[in-house]
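Residues per chain, in single letters:
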Amino acid sequence: MTANNLHNDWWKQAVVYQVYPRSFKDMNGDGLGDLKGVTDRIDYLRELGVDAIWLSPFYPSELHDGGYDVIDYRNVDPRLGSMDDFDEMVARAHEAGIKIVVDIVPNHSADKHVWFQAALNAAPGSPERDRYIFRDGRGEHGELPPNDWQSIFGGPAWERVADGQWYLHLFAKQQPDFNWKNPEVHDEFLKTLRFWSDHGTDGFRVDVAHGLAKDLESKPLVELGKWSTLDQFNPNGDNPLFDRAEVHDIYREWRTVFNEYDPPRFAVAEAWIAPEHQALYASPDELGQIFNFEFAKADWRQSDLRIAIEDGMAAAERSGSTTTWVMNNHDVPRSASRYALPQVKTKFYHQMAEAWLLRNGEFVEEDRAAGTRRARAAALMELGLPGSAYIYQGEELGLFEVADIPWDRLEDPYAFNSEHQFTVKGRDGCRVPLPWTAADEPKPAEWDEKFGAGTTGTFGFAPAPGTRPDGAPTAEPHLPQPLWFKDFAADTEDSDPASMLNLYRAALALRQRLLTPTGDTSIAWLNDFDTAEGGTAIAYSRPTADNRTFASVTNFADEPLTLPAKAEVLLASASLDDNGRLPQDATAWLAL
């Protein structure tokens, strides 16, 4: 067990590894990763040095939104395993000293959820319909939606049912929104939190945490419809759909459940909101933490990343908690590719990456050498900071975004429903199954017949073709892996001392040994390293457990950066030059 996990408030400085289960490890060869696959890789995660695993949804689902359309909140999708498999995974993780965090999806259910099916079979105004948000339509016969809200995935946010009423879905039409003014909804989720806590879950990640409380009554729906569902930032508190003050009543209620357990459970909010509101979600009276997405949004630019750190530290101080550092997750293009593209200032974050993806990676050149250098430097810059760091699966391998997935193989509803200026290819490029072995197993001939010549095998993601436990042919992974994945396979990187994987292992070991035990969650800026106008470095210091001073220095300048003569270099993302200077796009960890 890591020293950090010996503390009840382990999550305040945890390194949390996000597992997207369907793309992590497939043990039965059906093309989908499963819970047994997570159990199979516990030793890998222990050697990596993480404190916790966050599991993206593994519940029964028709996968209209990658598992975030939940049919049953207190069960496991049979394609991913069983409750026994979940319990075994938790036991193995806990034996290895690793905590478990599960995803909770409280804004909406799947349309196949038993409650929504009951609502469809009930009359307008019934208790069954009151668990969701049903309204009459406009027009002479109610043929028009109640207002003009658009789904975040594209198209109207209202769907009409057989008797003429409409229900609200801020995401896919298969994801009807719950009515959180209904006490039954509150009770159902309190029951769910206790269920997973009783099965050994140590914490929760709360999906769309800012979206639960809604206002559909203060003004006519037509007038409320003037708000854009794409505008989730709500500094004034008057958005009818997001970040409303009433949502905090829900999380204070959840806190009473968390505190029933010893140690208390915690939660981290996924909430794309105004920075000044983050502290409310992260307070000790509510969830405990909120994701700081500023790293995930920032380009490789000193000013952007410095502001991201400053804002994250300030938000943590306001909340009385610690901040979280997020470079990648299942919703954003991988940082190695973002940093490999031209770092052009755009109106909205990731516009360059989205344009590149929309054109199958052929819009501009992806400079992978630069992307790798910057991703390595960013990893050390991030992991040296106080607070929690969330690592997305494959980030530790330096994986790039898979930009050229054929459009007929895509799964993400963004790709199918977006339109006009909001057209995007979606998030599948960061969800491609992981490469575990460089040797690509032979493929069944029918794969080429079905998917075309040149498709790959599984790179160890699944059993070799013909070796499934049930004797059936091995299915191709649900998203195709490119041939270049062999260069990033875990077994290849394991044996390469200079690999991204071994950089992460070394960084996490140093973090656990020198930084986390101090309990100090402050930093001091080392501005002397900024030698040119506009800033050329990000440099900060922290105390160490052996009574020295730790410094992280990242060089953004065109020229190598001179390091203090008496500094001990603990770790560097790139080799220093012959004069001991730090090259461009590199980070060094120093003991001063």
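The rules behind these values
- Residues numbered from 1 in each chain as written.
- Predicted model: local features only at pLDDT ≥ 70, side-chain atom pairs only at ≥ 80, totals over all residues.
- Heavy atoms only, no water.
- 1 Å grid on protein atoms, 1.4 Å probe; cavity = no way out; pocket = protein on both sides within 12 Å on 5 of 7 lines; lining within 4 Å.
- Points joined across faces, edges and corners; volume = space filled by probe spheres on them.
- Helix = DSSP H or I, 4+ residues; strand = E, 2+ residues; numbered from the N terminus.
- Nonpolar A, V, L, I, M, F, W, Y, C, P; charged D, E, K, R; others polar.
- Core = buried A, V, L, I, M, F, W, Y, C linked by side-chain atoms within 4.5 Å.
- Buried < 20%, exposed > 50% of the residue type's maximum accessible area, 1.4 Å probe, protein only.
- Contact = heavy atoms within 4.5 Å.
- Expected span 1.5 Å × (residues − 1).
- Salt bridge = Lys/Arg side-chain N within 4 Å of Asp/Glu carboxyl O.

## Notes on empty space enclosed by the protein
All chains considered together, the criterion is met by 5 cavities of 30 Å³ or more. What the largest cavity holds in volume is close to 90 Å³. As for the largest cavity, its lining consists of 13 residues, of which Asn328, Ser335, Ala375, Glu395 and Tyr504 are closest to the centre. Counting residues per element, the ones that place at least two in the lining of the largest cavity are α11 (335–338), α13 (368–383) and α17 (500–515). Take the lining of the largest cavity: its biggest share by element is 3 residues, from α13. Here the lining of the largest cavity is built from residues that sort into 8 nonpolar, 3 polar and 2 charged. Estimates place the volume of the second largest cavity at around 60 Å³. Looking at the second largest cavity, the residues that line it are Gln278, Ala279, Ala282, Ile290, Asn292, Gly312, Ala315, Ala316, Ser319, Thr322, Thr323 and Thr324. Of all the secondary-structure elements, those providing two or more residues to the lining of the second largest cavity are α8 (278–282) and α10 (302–319). Counting residues per element, the lining of the second largest cavity draws most heavily on α10, at 4 residues. Residues of the lining of the second largest cavity, tallied by class, amount to 5 nonpolar, 7 polar and no charged.

## Comments concerning the nonpolar core
Tyr17, Leu55, Phe58, Phe86, Tyr251 and Trp254 are the most contacted members of the largest nonpolar core, which has 121 residues in total. Once residues within four sequence positions are removed from consideration, Leu55 is found in contact with Val19, Pro21, Val38, Phe86, Met89, Ile100, Val101, Val102 and Asp103.

## Some details on α10
With 18 residues, α10 extends 26 Å from end C-alpha to end C-alpha; this agrees with the ideal 26 Å at 1.5 Å per step. The inward-facing, buried residues of α10 contact α8, α9 (294–297), β10 (324–326), α13, β12 (524–525) and β13 (537–543). Backbone geometry just downstream of α10 places Gly320 in the positive-phi region, at approximately 75°.

## Observations concerning the pattern of salt bridges
As enumerated under the stated definition, the model contains 38 salt bridges in all. Residues Asp40 and Arg41 are paired through a salt bridge, measuring 2.9 Å at the closest nitrogen-oxygen approach. A relative accessible area of 36% places Asp40 in the partly exposed class. It is possible to trace a salt-bridge network through shared partners that takes in Asp65, Asp331, Asp412, Arg427 and Arg431.

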